[in-house]
Amino acid sequence: MQETRRSVLDPSNDVPGPDREVASDSIAWAEMVLRDQEMPPDELRVVLATADRELVRRHLELHLERFEEWLNTQRRSVAAAERILIEAASRRGA
């Protein structure tokens with residue numbers, strides 16, 4: 001996963017309703033989000049090309065699980081950095 005993540009806002013004026021087909025701009029936005037989150041290219045191709053809703057759901061569920069694992073790793077890294085910096089600060093103050 002990349003070190004820095006960008007926030008991408010939902011294009012709320014282009015969210016499809018139940019009686020509206022998904023606009024190509026919405027699909028392009030979804031593709032950009034998944035690319036920015038480093039979804040594996042083979043999985044991205046599947047979710048963009050398939051007509052199988054369940055396959056899309058399963059791939060996105062797997063992607064979210066990986067993303068949550070990445071986030072947990074980042075939290076542990078920040079906690080470790082905090083311990084190191086607090087210890088260094090206490091040594092400087094002593």
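Here, every reference points to the structure presented above.
This structure is a prediction, so every number in the text was calculated from the model and none was measured.

> Please provide a residue-by-residue account of the overall build of the chain, values included.
In terms of helices and strands, the chain carries three helices and zero strands. Start at the N end of the chain and walk to the C end: the helices and strands fall as α-α-α. Considering the chain as a whole, with its 94 residues, one finds that 13% of them fall into the buried category. Residue pairs in contact within the chain that sit at least 24 positions apart in sequence constitute 46% of those at least 6 positions apart. For the chain, the accessible surface area stands at approximately 7500 Å², while carbon and sulfur atoms represent 55% of it.

> Residue-level account of the packing of helix α2 (residues 41-49) against helix α3 (residues 53-93), with values.
Put simply, α2 and α3 touch, their axes get as near as 9 Å, and they point 145° apart. As α2 packs across α3, the resulting crossing turns out to be left-handed. On α3, the residues that touch Glu 43, Val 46 and Val 47 of α2 are Leu 55, Val 56, His 59, Leu 62 and Arg 66. Of the residues in the contact of α2 with α3, the class split is five nonpolar, one polar and two charged.

> Can you explain the side chain of His 63? Please cite residues and give values.
When you line up the elements, His 63 lands in helix α3. We classify His 63 as buried; its relative accessible area is 2%. Discounting residues that sit within four places of it in the chain, His 63 has contacts with Leu 34, Gln 37, Glu 38 and Met 39.

> How would you summarise unusual backbone geometry if you had to cite specific residues and measurements?
Among all residues save glycine, negative phi is the norm, and among peptide bonds the norm is trans. The residue Glu 38 is not glycine, and still its phi comes out positive at about 60°. By the element assignment, Glu 38 lies in the loop between α1 (24-36) and α2. Taking relative accessible area as the criterion, Glu 38 reaches 33% and is therefore assigned partly exposed.

What counts, and at which threshold
Residues numbered from 1 in each chain as written. Predicted model: local features only at pLDDT ≥ 70, side-chain atom pairs only at ≥ 80, totals over all residues. Heavy atoms only, no water. Helix = DSSP H or I, 4+ residues; strand = E, 2+ residues; numbered from the N terminus. Buried < 20%, exposed > 50% of the residue type's maximum accessible area, 1.4 Å probe, protein only. Contact = heavy atoms within 4.5 Å. Areas by Shrake-Rupley, 256 points an atom, 1.4 Å probe, with all protein chains shown as cover. Axes fitted to C-alpha atoms, helices over the stretch in contact; angles between N-to-C directions. Left-handed = near helix turned anticlockwise from the far one by under 90°. Nonpolar A, V, L, I, M, F, W, Y, C, P; charged D, E, K, R; others polar.

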